[in-house]
Amino acid sequence: MANAEKHNEHEDLEWEIKTRSEKEHGNLFYIVTLSVTLLLLLFSIWQKDFLFGVFIILASGTVLFLSTQRPDTYKFKLTDDALIIGNRENVYPYNRFDHFDIYEYSTEEHELFLVFRERFHPILRIRVYPRDIEKIKEFLSEHLPKKDTEPSMMDIFSKAVGI
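Residues numbered from 1 in each chain as written. Predicted model: local features only at pLDDT ≥ 70, side-chain atom pairs only at ≥ 80, totals over all residues. Heavy atoms only, no water.

Chemist: Got a minute to help me understand the pairing of strand 7 (residues 110-116) in this structure?
Modeler: The two faces of the sheet receive side chains in turn, since in a regular strand these alternate between them. The element strand 7 is largely enclosed, with a buried count of seven among its seven residues. Across the two faces of strand 7 the burial is the same, with His 110, Leu 112, Leu 114 and Phe 116 and Glu 111, Phe 113 and Val 115 all buried. As paired strands, strand 6 (residues 97-104) and strand 7 are joined by seven bridges and run antiparallel to one another. Within strand 7, the position partnered with Phe 97 by the bridge is Phe 116. The turn linking strand 6 back onto strand 7 is made up of five residues. Pairing between strand 7 and strand 8 (residues 124-128): five bridges, direction antiparallel. Its bridge partner lying in strand 8, Phe 113 is registered against Arg 125. (Buried < 20%, exposed > 50% of the residue type's maximum accessible area, 1.4 Å probe, protein only. Helix = DSSP H or I, 4+ residues; strand = E, 2+ residues; numbered from the N terminus. Pairing = 2+ DSSP bridges.)

Dropping the structure here:
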């Protein structure tokens, strides 16, 4: 879904995509989540660790809440100078990034990772359509080096759970 516009000497790449895939959770997801929550609560009572029990309730509630939320749709644009998110709401010049990578979670789920130069800045993760991967790689290779980047365990967990 990459639309092209004229800008300086190259064509810009533009796409609009949801922040995550819309995954319908069946009854099994809720049964497993509540069962694990109950088992961990029983364990926290057995250990007399009530703070852990409160944490389990909050964590479980957060997972259940996030799993029911509909993903937002964002517009992304790669220009010769910067990455633009939305209608110029967030503009990231390429010199803020050290490198990029495109990670494949599955055949239909790919993310563009843009790694900041700043040490304690999180990786900017952007979903991309599989059909646009080569165009994005080619475009970004002119501005940034491509280096292998692995997702965090939390990224993998969120993809598996669908939050």
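Anyway, onward from the coordinates.
Chemist: Is there a simple way to think about helix 2 (residues 50-68) in this case?
Modeler: Think of an α-helix as turning once every 3.6 residues; residues three or four places apart then point the same way. Between its terminal C-alpha atoms helix 2 stretches 27 Å, which fits the 27 Å expected from 19 residues at 1.5 Å a residue. Among all positions in helix 2, only Gly 53, Ile 56, Ser 60, Val 63 and Ser 67 are buried. Looking straight down helix 2, one finds that the buried residues subtend no more than 95° of arc, so they occupy a single side. Of the residues in helix 2, the exposed ones pointing more than 90 degrees away from the buried face are Phe 50, Leu 51, Phe 55, Ile 57, Leu 58 and Phe 65. (Expected span 1.5 Å × (residues − 1). Arc of directions from axis to C-beta.)

Chemist: Help me understand the layout of surface pockets, please; the structure alone is not making it clear to me.
Modeler: Taken as a whole, the largest pocket encloses approximately 530 Å³ of empty space. Lining the largest pocket are 30 residues; nearest its centre among them are Thr 19, Arg 20, Glu 111, Arg 125 and Lys 159. Considering each element in turn, the lining of the largest pocket owes the most residues, four residues, to strand 8. When its residues are assigned to classes, the lining of the largest pocket shows 14 nonpolar, six polar and 10 charged. Volume-wise, the second largest pocket comes out at about 300 Å³. Lining the second largest pocket are 13 residues; nearest its centre among them are Thr 33, Val 36, Ser 60, Val 63 and Phe 157. Secondary-structure elements contributing two or more residues to the lining of the second largest pocket are helix 1 (27-46), helix 2 and helix 4 (153-161). (1 Å grid on protein atoms, 1.4 Å probe; cavity = no way out; pocket = protein on both sides within 12 Å on 5 of 7 lines; lining within 4 Å. Points joined across faces, edges and corners; volume = space filled by probe spheres on them. Nonpolar A, V, L, I, M, F, W, Y, C, P; charged D, E, K, R; others polar.)

Chemist: Where do I start with the packing of aromatic side chains in this structure?
Modeler: Where two aromatic rings form a pair, the distance of their centres and the angle of their planes describe that pair. Within this structure, the stated rule accounts for 11 aromatic pairs. Relative to Tyr 30, the ring of Phe 29 lies with its centre 5.1 Å away and its plane at 80°, an arrangement referred to as edge-to-face. What makes Phe 29 buried here is its relative accessible area of 18%. In this structure, Arg 131 is placed above the aromatic ring of Tyr 129, and the distance from its NZ or CZ to the ring centre is 4.5 Å. (Phe/Tyr/Trp six-rings, centres within 6.5 Å; stacked < 30°, edge-to-face > 60°. Lys NZ or Arg CZ within 6 Å of the ring centre and 35° of its normal.)

Chemist: In this structure, what is going on with the packing of helix 1 against helix 2? I would like to understand it.
Modeler: When two helices pack together, their arrangement is given by the angle between their axes and by how far apart the axes lie. Here helix 1 crosses helix 2 at 170°, and the two axes come no closer than 9 Å. On the basis of the axis angle, helix 1 is roughly antiparallel to helix 2. Every residue of helix 2 that contacts helix 1 at Phe 29, Tyr 30, Thr 33, Leu 34, Thr 37, Leu 40, Leu 41, Phe 43 and Ser 44 is listed here: Phe 52, Gly 53, Ile 56, Ile 57, Ser 60, Val 63, Leu 64, Ser 67 and Thr 68. Counted by class, the contact of helix 1 with helix 2 contains 11 nonpolar, seven polar and no charged residues. (Axes fitted to C-alpha atoms, helices over the stretch in contact; angles between N-to-C directions. Parallel < 35°, antiparallel > 145°, perpendicular 65-115°, else oblique. Contact = heavy atoms within 4.5 Å.)

That is the geometry; function is a separate question.
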